[in-house]
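Descriptive analysis of the structure
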Amino acid sequence: MQKTVVVNQERLWSRLMEMAKIGATPLGGSCRLALTEEDRQGRDLFIEWSKALGCDIKIDRMGNIFAIRPGKDPKRLPVSCGSHLDTQPHGGKFDGVYGVLAGLEVFATLNENNIETASPLQVCVWTNEEGSRFSPPMISSGVYGGVYELDYALGRVDEEGITLGEALEKISYKGEIDCGSNQMGAFIEVHIEQGPILERNSETIGVVTGVQGSRWYQVWFEGRDAHTGSTPMAGRQDALLSAAHAIAKIKEIALDHAPDAVATVGRIEAYPNSHNTIPGKVFFTVDMRNPEEETLDQMEKQLYQVIEAAAKKESNDFKIEVISKTPPIKFNDNCIEIIEKATRKCNLKHRRMISGAGHDACHISKVAPTAMIFIPCAEGISHNETESATKEDLAAGTQILLETLVELADQ
Ligand code: HGY
Ligand code: MN
Ligand code: MN
Ligand code: MN
C-alpha cells in the first residue's frame, strides 16, 4: 500500500457509541451478557454494518461471526482481526467491542480509498469471550482453536441451567460451519490494555508479545445448616467460616509470588442464604494468573493446601473443580515485528508488553500467526462501567491495525 490512508476517528467513535446504546447501564457502561437479547442486537447491528461495507458473512457452530472483505486472490487465507461483543455484567463500552469495530473502521477506510488487498480481510466476533454467563472464558475461540470440543462447549450451563447451545438457538446464531474449518492467514486483536502500564508511561501503543497464563477454579465447602440462635459456636459446621479462612489466604498466595502473580475470588454464594441459618454450603470462584507455568503450578498446590486446611478447621468437606487452565501464550514474531514497524511509521510512543487479561487471541494463536495491539484506558480500569479511552488513542490503535493488516495481506 503506497499512499498513507488515515482512519476516521469520528466515524469509529460514533459506531462505538451506537453499539454502547445496546445494553447501556446507568453509569455509562454496557451489559450484553453472552447470547442474551442484548448480545443478539449487538450481533445484528455488527452484521448490518458489515454488509453495508460489502462483506460476506459466515457463522460457525459456536455462533462465531466472520465478516469477510474480498481480496484480489480469493484462494489466499483471510488476514483477520476482531474480538468479542459480549460484556461483563458491569462492563465498559470498549472491552472487546473496540477490536470488532476497529476492524470495520479499517474496512471503511480501505473502501473509501479504493484499496484492495491481495488476501481477503475479515473481522471475527467470538462468542462468550468473557466467561461471565458461561464458563470458561474465550470458550468459542477455544473451540475454533481446538482447545475445547464442540459438545463440551455447547453443553456448558449458566446459573439458570440454560445450555450455551440452547441460548445460541434462542437468538438464532447457531451457524452451520464446523469451528476451525474456515482457516485464517493471521489474527490481530486490538484491545484496550485494561491495566495501568501504557497510561502511566504516557505511551500510545502496546505491542503485545504474549499473554500470561490463567487458571479458573470453583470451590465448594459443605458443612451443615443449623439454627443461628440455638447452636453453640463449638461444633458448628459453618461453611461460610471455612470460606472466610480460605479467601484471605488466597490473596496471600499471590503476594507470595509478587509482583507478577494475581489471585481473585470474584463470585461467592452461601446457601441457604438466610439471616438465621448457619450456611451449610458455600460456593466460590478462584481466578489465578501468572506469566510462568511453573509458578501457576506452585500457586495451585498452595491453593489446594489452603482449601483443605480451611475445611478441616471447621470440620467441613470441600470440593475443588478446575474450570480452565490457559497456559502462558507467546505470539508470532512476524506479526509482532509488523505491528512494531507500523507503530514507528506512525511515530507513536510504544512498548512491548504481555497481556494481564485473557483474550480470544490466546486460542487463535494455536492455529494462526497471532499478535495483539493495546491502547491505554483511563486509570487502567476495565470490567467497570466507567471504563474509558480517548478518541485519539482509539484511532491510533485502529491506524496501526490497518497498517498491520494491509502489510500481512499483501505479503
Ligand atoms: O478473563 C479475562 O481476562 C477476559 O476478560 N475474559
Ligand atoms: Mn476483552
Ligand atoms: Mn473482558
Ligand atoms: Mn478478554
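Residues numbered from 1 in each chain as written. Chains lettered and ligands numbered in written order. Predicted model: local features only at pLDDT ≥ 70, side-chain atom pairs only at ≥ 80, totals over all residues. Heavy atoms only, no water.

- As recorded by an unreviewed UniProt entry, the protein chain carries the name N-carbamoyl-L-amino-acid hydrolase and is attributed to Paenalcaligenes hominis.

Points about the packing of helix α2 (residues 37-52) against helix α3 (residues 97-112)
- Interaxial distance between α2 and α3 falls to 10 Å at its minimum, and their mutual angle equals 15°. Between α2 and α3, the crossing angle belongs to the class labelled roughly parallel. Once α2 is placed against α3, the crossing between them reads as left-handed. Contacts between α2 and α3 pair Phe46, Trp49 and Ser50 from the former with Val100, Leu101 and Leu104 from the latter.
- In the contact of α2 with α3, the residues fall into 5 nonpolar, 1 polar and no charged. (Axes fitted to C-alpha atoms, helices over the stretch in contact; angles between N-to-C directions. Helix = DSSP H or I, 4+ residues; strand = E, 2+ residues; numbered from the N terminus. Parallel < 35°, antiparallel > 145°, perpendicular 65-115°, else oblique. Left-handed = near helix turned anticlockwise from the far one by under 90°. Contact = heavy atoms within 4.5 Å. Nonpolar A, V, L, I, M, F, W, Y, C, P; charged D, E, K, R; others polar.)

A closer look at the packing of helix α1 (residues 9-20) against helix α12 (residues 391-410)
- For the pair α1 and α12, the least separation of the axes is 9 Å and the interaxial angle reads 105°. In terms of orientation, α1 lies roughly perpendicular with respect to α12. On the side of α1, the interface is formed by Gln9, Glu10, Leu12, Trp13 and Leu16, while α12 contributes Lys391, Glu392, Leu394, Ala395 and Thr398.
- Residues of the contact of α1 with α12, tallied by class, amount to 5 nonpolar, 2 polar and 3 charged.

Concerning the site of ligand 1
- Contacts to ligand 1 come from Glu129, Glu130, Pro137, Met138, Arg289, Ala357, Gly358 and His383.
- Contact between ligand 1 and glutamate 130: an oxygen atom at 3.2 Å from a side-chain N or O atom of the residue.
- Look at ligand 1: alone it shows 210 Å² of surface, and the protein chains cover 94% of it.
- In terms of residue class, the shell around ligand 1 is made up of 3 nonpolar, 2 polar and 3 charged. (Near = heavy atom within 4 Å. Polar contact = N/O pair within 3.5 Å; in protein donor to acceptor, adjacent residues only side chain to side chain. Areas by Shrake-Rupley, 256 points an atom, 1.4 Å probe, with all protein chains shown as cover.)

Comments concerning the coordination of the manganese ion (ligand 3)
- Only Asp95 (OD), Glu130 (OE), Glu130 (OE) and His383 (NE2) from the protein coordinate the manganese ion (ligand 3), and they sit 2.1 to 2.6 Å from it.
- Expressed as a motif, the donor residue spacing for the manganese ion (ligand 3) is D-x34-E-x252-H.
- Separating the manganese ion (ligand 3) from the manganese ion (ligand 2) is a distance of 3.5 Å, and aspartate 95 supplies a donor atom to each of them. Of this pair, glutamate 130 sits in the loop between β4 (121-125) and α4 (139-144) while histidine 383 sits in the loop between β16 (370-375) and α12, placing them 253 residues apart in sequence.
- Its relative accessible area of 41% is what places histidine 383 among the partly exposed residues. (Donors = N, O, S within 2.8 Å, 3.2 Å for Na, K, Ca; no water. Buried < 20%, exposed > 50% of the residue type's maximum accessible area, 1.4 Å probe, protein only.)

A word on the pattern of salt bridges
- In the structure shown here, the tally under the stated rule is 24 salt bridges.
- As a salt-bridge pair, glutamate 18 and lysine 21 come within 3.1 Å of each other at their nearest N and O atoms.
- For glutamate 18, a relative accessible area of 34% corresponds to the partly exposed category.
- Judged by its relative accessible area of 59%, lysine 21 is exposed.
- Aspartate 39 is paired through a salt bridge with arginine 43; the nearest N and O atoms lie 3.3 Å apart. Here aspartate 39 and its partner arginine 43 are both found in helix α2, 4 residues apart, which amounts to about one turn of the helix. (Salt bridge = Lys/Arg side-chain N within 4 Å of Asp/Glu carboxyl O.)

Describing the side chain of glutamine 399
- Residue placement: glutamine 399 occurs in helix α12.
- The residues touching glutamine 399, leaving out its near neighbours within four places in the chain, are Val5, Val6, Val7 and Cys346.

What about α12?
- Helix length check: α12 (20 residues) gives 28 Å between terminal C-alpha atoms against 28 Å at 1.5 Å per residue, within 8%.
- Most of α12 is tucked away, with 16 of its 20 residues classed as buried. (Expected span 1.5 Å × (residues − 1).)

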